[in-house]
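# Coordinates in review
Each chain, written out:
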Amino acid sequence: MSFTYNRTVRFQDTDAAGVVYFANVLGICHEAYEESLEASSINLKDFFTNPSVGFPIVHANVDFLRPMFVGDKLLISLIPQKIGVEKFEITYEITVGEVVVAKAITRHVCIDVSSRSKQELPDEIVQWLETNRRDAEDAERRRSREVI
């Protein structure tokens, strides 16, 4: 995977059954997304505060494969991918140890904030997408060589 984010499950993340509340998984994924942007030198304050462009999520989905509990050490791997001139998708894989516990996808569209109309992705996001795509491809090539 191209970018990884480590996070510990906290009590506030869980429901009455003691497992991570389903909606909080998307919040955890969004944390990884923010960390990925910051790692690419995108200023988060500028990105999220009074921007001229926005990137609302227009689709999200999560598959829950195993429960996550307080204290679990999560590794969230993400790969963002450009899927059009004005949209991108991020695929997430959440693991505990060597076990995949959840997979998620968020799809984002770029809009002009004032008119709410779609527009092309700005250069800094295209660069973020390209960098992460190359990193993911490099990691995949390394893995395939290890198998041989």
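Residues numbered from 1 in each chain as written. Predicted model: local features only at pLDDT ≥ 70, side-chain atom pairs only at ≥ 80, totals over all residues. Heavy atoms only, no water.

With that settled, consider the environment of Asn6. The topology assignment puts Asn6 in strand 1 (residues 3-8). Counting along the chain gives 69 residues from Asn6 to Leu75, while the straight-line C-alpha distance between them is 4.7 Å. Not counting chain neighbours up to four residues away, the residues in contact with Asn6 comprise Leu74 and Leu75. (Helix = DSSP H or I, 4+ residues; strand = E, 2+ residues; numbered from the N terminus. Contact = heavy atoms within 4.5 Å.)

Further remarks concern the pattern of salt bridges. In total, this model carries three salt bridges according to the counting rule given. For Glu31, the salt bridge goes to Arg7, with nearest N and O atoms at 2.7 Å. Taken as a pair, Glu31 in helix 1 (residues 22-39) and Arg7 in strand 1 lie far apart in primary sequence, 24 residues in all. By relative accessible area, which is 13% here, Arg7 ends up buried. Between Arg107 and Glu89 there is a salt bridge whose closest N-O contact spans 2.7 Å. Of this pair, Arg107 sits in strand 6 (residues 99-109) while Glu89 sits in strand 5 (residues 87-96), and the two are 18 residues apart along the sequence. (Salt bridge = Lys/Arg side-chain N within 4 Å of Asp/Glu carboxyl O. Buried < 20%, exposed > 50% of the residue type's maximum accessible area, 1.4 Å probe, protein only.)

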